[in-house]
Amino acid sequence: HAKAPPVLECRGIERRFGGIVAVSGVDFSIHKGEIFGLVGPNGSGKTTVTNAITGFYPPNKGSICLDGKDITGTAPHKVAKLGVARTFQNLALFNGMSVLENILLGRHIHMKPGVLPTALYWWVARPSEIRNREVVEEVIEFLQLESIRNELVDGIPIGLKKRVELARALVAEPHLLILDEPMAGMNQEEKGYMARFILDARAERGISVLLIEHHMDVITGICDRMLALNYGEMIASGIPKEVVKDPRVVEAYIGG
Ligand code: ADP
């Protein structure tokens, strides 16, 4: 039978902000179960690409297909409903709320913090949602967050905060997970845990992953393929072990 379309296919993505071309000519696709790395120096356009996919800043040119369906310009909440979950470069957890409460919100919001009251109402108004509870409990167990479930997120270490963010994304039961620097600020041990969880999420849930990451050891360690950007343009793509040795990539990192 016909080969399944890629989970994600970006073709000729361009996005401008005023006179600035943040990204142009960005082409890549992610197949089912792939962990795909996106790298590049600060300002190279990585976040702009994820914002184009998730609908926060639709592209000015090009197309984005999810499972073969064109979703270019689709609103963020609709993209989320189609099975795309993301974590943010800067933690987007709600201080003053517990680990559990933060994770619960992942069942209801797929957007930036502004919609909190609606989400809370929804949760309070629908206490009998057994399925929500089941998914949340299962993810808490998967990410080994049981012992801190009732702690406020404010005081927990960064490695665990990132893990709570991952949990919040996973309870939405995505099939495409976009992780924006999930290991930023982590020590070696915390990075190891996070890498393991990403690999397990793929293996056990068949999730495809777009991974933005600065740590090249992580990229070469867990990504199947990768793309490097510089000044908003593609400079190399392919197998991580080869791409990281590409002179243009080396130059972008050392020169930049
Ligand atoms: P990266 O994620 O690789 O650090 P970004 O995608 O954040 O890069 O930024 C790429 C370029 O687009 C930068 O020049 C940045 O200043 C610009 N840019 C990104 N988002 C916006 C925005 N909302 N408004 C104006 N310029 C932006």
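Above this note sits the structure.
The shown structure was predicted, so the numbers you read here are calculated from the model rather than taken from an experiment. As a convention, each chain's residues are numbered from 1 in the sequence order in which they are written. Given that the model is predicted, a residue must reach a pLDDT of at least 70 before its local features are reported, and side-chain atom pairs must reach 80 or more before they are shown or counted; all residues, however, enter totals for whole chains, interfaces and linings.

### What to know about the site of the ligand
In the vicinity of the ligand, the contacting residues are F17, I20, A22, G40, N42, G43, S44, G45, K46, T47 and T48. When contributions to the shell around the ligand are tallied by element, the ones reaching two or more residues are β2 (20–30) and α1 (46–54). Looking at the shell around the ligand, the element that brings in the most residues is α1, giving three residues. Of the residues in the shell around the ligand, the class split is three nonpolar, seven polar and one charged. Nearness here has a simple definition: the residue's C-beta atom, placed using the backbone, must lie within 6 Å of the molecule or strand. Under the DSSP-based scheme used, a helix requires at least four consecutive residues in state H or I and a strand at least two consecutive residues in state E, with every element numbered from the N terminus. Under this grouping Gly is polar, as are all residues other than the nonpolar Ala, Val, Leu, Ile, Met, Phe, Trp, Tyr, Cys and Pro and the charged Asp, Glu, Lys and Arg.

### Observations concerning the sheet that holds strand β5 (residues 69–70)
Judged by pairing direction, the sheet is antiparallel, and its four strands sit side by side in the order β2-β1-β4-β5 without closing on themselves. On the outer flanks of this sheet lie β2 and β5, each paired with one strand and no other. Pairing between two strands is assigned when DSSP locates at least 2 bridges connecting them. As paired strands, strand β1 (residues 8–17) and β2 are joined by seven bridges and run antiparallel to one another. Looking across to β2, one finds that L8 is bridged to I30. The sheet contacts of α1 involve β1, β2 and β4 (61–66), and relative to β1 the element is tilted by about 115°. Whether two residues are in contact depends on their C-beta atoms, placed from the backbone: they are in contact if these lie within 7 Å. For helices, the fitted axis covers only the stretch in contact; all axes are lines through C-alpha atoms, and the angles between them, taken along N-to-C directions, range from 0 to 180 degrees.

### What to know about the pairing of strand β9 (residues 225–230)
Buried, partly exposed and exposed are defined by the number of other C-beta atoms within 10 Å of a residue's own C-beta, namely 20 or more, between the two limits, and 12 or fewer respectively, with C-beta atoms placed from the backbone. By the criterion of burial, β9 is predominantly enclosed, with five of the six residues buried. Relative to β9, strand β3 (residues 35–39) runs parallel, the two being bridged by four bridges. Considered in β9, the bridge of L38 is made with L227. Sheet topology note: the β9/strand β10 (residues 233–238) ladder contains five bridges and is antiparallel. Residue pairing across strands places M226 opposite G238, the latter belonging to β10.

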